[in-house]
Amino acid sequence: MAVNKVNEDLLRERARYTFNIEELTNFIDGGEEGTRNRREVEDMVIHVKELHDEVPEDYLSHKERYENAVKKGCILIDLLKEHVLRHSSFDAYKPSNMYRVLSMAKEVSPVLLHMGMFVPTIFGQASAEQQEEWLHKALMLEIIGTYAQTELGHGTFLRGLETTATYDPSTEEFVLHSPTLTSYKWWPGGLGQTANHCIVVAQLYSREKCYGVHAFLVQIRDSETHMPLPGIKVGDIGPKLGFQTANNGFLGFDHFRIPRKNMLMRNAQVLKDGRYVKSKSDKLTYGTMMLVRVMIVSDAAYELSRAATIAARYSAVRRQSMPRPGQPEPQILDYVTQQHKVFIAIATSHALRLTGGWLWDAYSSLTHDLDQGNLDQLPELHALACCLKAISSRDSNSLVEQCRMSCGGHGYMSSSNFPTIYGATAATVTYEGEYTVMLLQTARYLMKAWKEALGGIVLTPTVAYMVTYNKAKPAWVNTPEAIIQGFHAVAVGKVKEAADGIEYHQNSGKDYEDAWNAASVMLVKASECYCRAIICETFWKEIQKHSRSMSRNLAVVLQQLSELYLSYWVLERSGDFFQVRTVPLTRTKFEFVSFASPKCHCQMCTGFVAHITSVVVLAVQVSIQNLTLTFCTRKRNEFDIGSC
Ligand SMILES: CCCCCCCCCCCC(=O)SCCNC(=O)CCNC(=O)[C@H](O)C(C)(C)COP(=O)(O)OP(=O)(O)OC[C@H]1O[C@@H](n2cnc3c(N)ncnc32)[C@H](O)[C@@H]1OP(=O)(O)O
Ligand SMILES: Cc1cc2nc3c(=O)[nH]c(=O)nc-3n(C[C@H](O)[C@H](O)[C@H](O)COP(=O)(O)OP(=O)(O)OC[C@H]3O[C@@H](n4cnc5c(N)ncnc54)[C@H](O)[C@@H]3O)c2cc1C
């Protein structure tokens, strides 16, 4: 029987690496312990025959695919339970670990939401007594839950959710009801056939007063028969772009009663007599979403690293065309256009992984503060989680598509795994906060920061440069630090432009809401630039920090990746950089020259002006482009894809 021989081109590429692969692996895993832990879990899973499909899942019926995914989910969970009991630690159950394990089965698991949102919500929003009652059952999957917040009529606008939870003091119960078709819960993963419990987010009413959206833990199916309980309508919402086995469902309540103690009461409470006790911040109800947004940044990096590995390997083994008659067909990796497609995907997966780790640390310190009753960091972390979730998921999804395209027809095969990875990353751009909506949330924060900066008020770390941006060095030197400063200047320029846009529309008679809407394209742009500056700066600083404790060869390659990332985005945003110029002689500040005529900020003019700008900067682009392409070519000889 033919033994699977590794392709010679791939072997040769791998033999050319210039750094210690194990050292890079440890760096990616967050240390040797992380690598050991990951390999132990992978070894536990990889040899399980039932996890490998004889028949490609695309040839199965929807029912067979779902049953196949449930079977694999059960196998993986049992393996994890063994791991937890063997190590007597719930570490393996950390949502990020759990998510990694569940993603080892090609299909999205119907219990993804159980571990990804149901369990974290009990951790984050249940009182100590409630955790006592439900947490172990949830961790051991004696109950299987989901997170039911989005409705047919509302996903973004949470204050508009229509499901009601009305307190009845005579029976000390809440009555859950879906008053309209649009109030039906729509989308929750696992709801179709899998979950028997869920976190329901509903408008809380007590003593005829509405207190806004709150979270409730609700049993929806019988624990023995798994049939929907009386007063519950539930089912599958049908086929989607991807995520076919996530078992997304719908849920409607017909005056369904739950005990008072099923309202999650860590933050706000309803007492037996119906009195409402307010939480420190009504935004704490949104806590699980912030956690998942933070996790999505690392997940975006992980999914992109899978796609970049497939594309890099394919680029090493695929030979195509004959630039020189009579010569062997070259590896497509030798085409600079191929490098330009694939190398940025590799660099971005590292940039997002390190930024995701930085954000996780910020989130962990916030949760510690919240436990002490200190909410000071909440606004900035919300703004960061929103824009980083939006940009990381969008970058990951578009670069996954770029990796697919770099593999020609074979990238279009299901067996390439690109369709599955694309479907998963496309979902993250929408779920847990839709792209534009998240960036507009960050824009709210930036507009407040800009006002404080103008008043010289010291700002929180990620916007502090807004106060000092005018002290930036006038000379433009082509170093990573100067490029990062340039990204800061671009961000400040876009924030200023958006703030001026709002002011312009207000001065022309619009109220704030309409002025905000008229300037919203600029507001989104300002958030994108603020976020890009954060990723560039964090990537560069994390590489500098870790380089000090790693071997020189590895440090060199990682430094090259971070320089590539910075150069790539200067090119992509060269128009914005062109608009940022130093003002010679008198003032040293970066002046953001908006090409829009001072009179009009309407999108048509701004769009037209942008066109002019792009024509004007073409020359700039060509010269910078050469820099980067030289960079790629030079790096191709040294650049190492051995790790792929
Ligand atoms: C990889 C593993 C995967 C693990 C597996 C996980 C798989 C996941 C599957 C998908 C699961 C889902 O999609 S679950 C459903 C996800 N749904 C969403 O994300 C809904 C998105 N919408 C929202 O979050 C909200 O509606 C907003 C933030 C857009 C608007 O909320 P709002 O209440 O109307 O607030 P708004 O008026 O805009 O702002 C009022 C003030 O509140 C602040 N504010 C708003 N939200 C927050 C917040 N979360 N934390 C702090 N502060 C907040 C604002 O900054 C503002 O402050 P100031 O400016 O006044 O100072
Ligand atoms: C695969 C998948 C899994 C999901 N799983 C779950 C789950 O388990 N539990 C759950 O509760 N939900 C889940 N969701 C739902 C998801 O959270 C919502 O789809 C998401 O929050 C977006 O809301 P929406 O669908 O109502 O879109 P909308 O908010 O209606 O967005 C539609 C368009 O309107 C625009 N828009 C909306 N508001 C504004 C505004 N204020 N300003 C400017 N533009 C605006 C948006 O930018 C977008 O272009 C899932 C969704 C997907 C795709």
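Bear in mind that the values here come from a model prediction, so they are computed numbers and not experimental data.

Engineer: I'm lost on the pattern of salt bridges in this one. Help?
Structural biologist: The tally for this structure, following the rule as stated, stands at 27 salt bridges. As a salt-bridge pair, Glu42 and Arg38 come within 3.1 Å of each other at their nearest N and O atoms. You can see Glu42 and its partner Arg38 sitting in helix 3 (residues 32–46), four residues apart, about one turn around the helix. Its salt-bridge partner being Lys63, residue Glu67 comes within 2.6 Å of it at the nearest N-O pair. On the criterion of helical spacing, the pair formed by Glu67 and Lys63 is a turn pair, its members being four residues apart in helix 4 (residues 62–87). Classification of Lys63 by relative accessible area gives exposed; the value is 56%. One salt-bridge network, in which partners are shared between bridges, spans Lys494, Glu497, Lys525 and Asp576.

Engineer: Explain the packing of helix 12 (residues 435–454) against helix 16 (residues 520–547) here, please?
Structural biologist: For any two helices packed against each other, one specifies the crossing angle of their axes together with the interaxial distance. At a closest axis distance of 8 Å, the pairing of helix 12 and helix 16 adopts a crossing angle of 85°. Classified by the interaxial angle, the pair formed by helix 12 and helix 16 is roughly perpendicular. Contacts between helix 12 and helix 16 involve Tyr435, Thr436, Leu439, Leu440, Thr442, Ala443, Tyr445, Leu446 and Met447 from the former and Ser520, Leu523, Val524, Ala526, Ser527, Glu528 and Tyr530 from the latter. Its residues assigned to classes, the contact of helix 12 with helix 16 shows eleven nonpolar, four polar and one charged.

Engineer: Before we go on, may I ask you to explain the nonpolar core in this structure?
Structural biologist: The biggest cluster of nonpolar side chains holds 129 residues, and the ones touching the most others in it are Leu388, Met466, Phe487, Tyr530 and Tyr565. The greatest single-element share of this core, amounting to 16 residues, is contributed by helix 8 (residues 287–317). In terms of domain composition, this core takes at least three residues from each of domain 1 (123–280) and domain 2 (443–634). Non-local contacts of Phe487, meaning those with residues more than four positions away in its chain, are made with Arg532, Ala533, Cys536, Leu566, Trp569, Val570 and Phe577. In this structure, Ala148, Phe174, Val234 and Met265 belong to the second largest nonpolar core, which totals 23 residues.

Engineer: What exactly am I supposed to notice about the site of ligand 1 here?
Structural biologist: Thr156, Lys283, Tyr286, Arg293 and Lys448 are the nearest of the 29 residues found near ligand 1. When residues of the shell around ligand 1 are traced back to their parent elements, those giving at least two are helix 6 (112–125), helix 8, helix 10 (378–405) and helix 12. The element that contributes the greatest number of residues to the shell around ligand 1 is helix 8, accounting for six residues. Partitioned by chemical class, the residues of the shell around ligand 1 number 14 nonpolar, eight polar and seven charged.

Engineer: Help me out: how do you make sense of the side chain of Arg293 in this one?
Structural biologist: Inspection of the secondary structure assignment puts Arg293 in helix 8. Buried and unpaired, Arg293 has Glu432 as its nearest opposite-charge partner, separated by 4.9 Å. Within polar-contact distance, the side chain of Arg293 engages the backbone oxygen of Glu432 at 2.8 Å. Sequence-distant contacts of Arg293, defined by excluding residues within four places in its chain, comprise His382, Ala385, Cys386, Lys389, Glu432, Gly433 and Met438.

Engineer: Help me out: how do you make sense of the UniProt feature "domain: Acyl-CoA oxidase C-alpha1" (unreviewed entry) in the chain in this one?
Structural biologist: Mapped onto this numbering, the UniProt entry gives "domain: Acyl-CoA oxidase C-alpha1" (unreviewed entry) at residues 286–447. The span residues 286–447 is 75% helical and 0% strand by assignment, and the distance between its end C-alpha atoms comes to 22 Å.

Engineer: How do you make sense of helix 9 (residues 336–371) when you look at a structure like this?
Structural biologist: Counting along an α-helix, one turn takes 3.6 residues, and residues three or four places apart therefore face a common direction. With 36 residues, helix 9 extends 52 Å between its outermost C-alpha atoms, agreeing within 8% with the 52 Å of an ideal straight helix rising 1.5 Å per residue. Immediately beyond the C-terminal end of helix 9, within one or two residues, lies Gly373, with a positive phi of roughly 85°.

Engineer: Just checking my understanding: could you explain the site of ligand 2 for this structure?
Structural biologist: If you check the shell around ligand 2, you find 19 residues, and the closest are Tyr147, Thr150, Gly155, Thr156 and Glu434. At 2.9 Å, a backbone N or O of Tyr147 approaches a nitrogen atom of ligand 2. With respect to ligand 2, the backbone of Gln149 contributes an N or O atom lying 3.2 Å from an oxygen atom. Relative to its unbound accessible surface of 970 Å², ligand 2 loses 64% to contact with the protein. Of all elements in the fold, only helix 11 (418–430) and helix 12 reach the threshold of two or more residues within the shell around ligand 2. For the shell around ligand 2, the element with the most residues is helix 12, which contributes three residues. Along the lines of polarity and charge, the residues of the shell around ligand 2 split into nine nonpolar, eight polar and two charged.

Engineer: Help me understand the packing of helix 9 against helix 17 (residues 552–572), please; the structure alone is not making it clear to me.
Structural biologist: Following both chains from N to C, one finds helix 9 and helix 17 inclined at 110°, their axes separated by 9 Å at the closest point. Taken as axis vectors, helix 9 and helix 17 run roughly perpendicular relative to one another. Of the residues in helix 17, those touching helix 9 at His340, Phe343, Ile344, Ile346, Ala347, Thr348, His350 and Ala351 are Leu558, Leu561, Leu564, Tyr565 and Tyr568. Per-class residue counts for the contact of helix 9 with helix 17 are ten nonpolar, three polar and no charged.

Engineer: It is not clear to me how the packing of aromatic side chains should be interpreted in this structure. Could you clarify?
Structural biologist: Think of a pair of aromatic rings as described by two things: how far the centres are apart, and how the planes are tilted against each other in angle. On inspection of all chains with the given rule, the structure shows eleven aromatic pairs. Look at Tyr167 and Phe174: their rings are 5.2 Å apart centre to centre, the planes differ by 55°, and that puts the pair in the tilted class. In terms of burial, Tyr167 and Phe174 fall into one category: buried. Seen in terms of ring centroids, Phe539 and Tyr565 are 5.7 Å apart; in terms of plane orientation they differ by 80°. Their pairing is edge-to-face. One end of the pair, Phe539, is in helix 16; the other, Tyr565, is in helix 17, and 26 residues separate them in sequence. For Phe539, a relative accessible area of 1% puts it in the buried group. Among the aromatic residues, those joined into a cluster by ring pairs are Tyr167, Phe174 and Phe216. One cation-aromatic arrangement involves Arg353 over Phe27; the distance from NZ or CZ to the ring centre is 5.2 Å. Taking the ring centre of Trp569 as reference, the NZ or CZ of Arg532 above it sits at 3.5 Å.

Definitions and limits used
- Residues numbered from 1 in each chain as written.
- Chains lettered and ligands numbered in written order.
- Predicted model: local features only at pLDDT ≥ 70, side-chain atom pairs only at ≥ 80, totals over all residues.
- Heavy atoms only, no water.
- Salt bridge = Lys/Arg side-chain N within 4 Å of Asp/Glu carboxyl O.
- Helix = DSSP H or I, 4+ residues; strand = E, 2+ residues; numbered from the N terminus.
- Buried < 20%, exposed > 50% of the residue type's maximum accessible area, 1.4 Å probe, protein only.
- Axes fitted to C-alpha atoms, helices over the stretch in contact; angles between N-to-C directions.
- Parallel < 35°, antiparallel > 145°, perpendicular 65-115°, else oblique.
- Contact = heavy atoms within 4.5 Å.
- Nonpolar A, V, L, I, M, F, W, Y, C, P; charged D, E, K, R; others polar.
- Core = buried A, V, L, I, M, F, W, Y, C linked by side-chain atoms within 4.5 Å.
- Domains from an automatic or database assignment.
- Near = heavy atom within 4 Å.
- Lys, Arg positive; Asp, Glu negative; His and termini not counted.
- Polar contact = N/O pair within 3.5 Å; in protein donor to acceptor, adjacent residues only side chain to side chain.
- UniProt positions renumbered as here; feature names shortened; annotations may be inferred.
- Expected span 1.5 Å × (residues − 1).
- Areas by Shrake-Rupley, 256 points an atom, 1.4 Å probe, with all protein chains shown as cover.
- Phe/Tyr/Trp six-rings, centres within 6.5 Å; stacked < 30°, edge-to-face > 60°.
- Lys NZ or Arg CZ within 6 Å of the ring centre and 35° of its normal.

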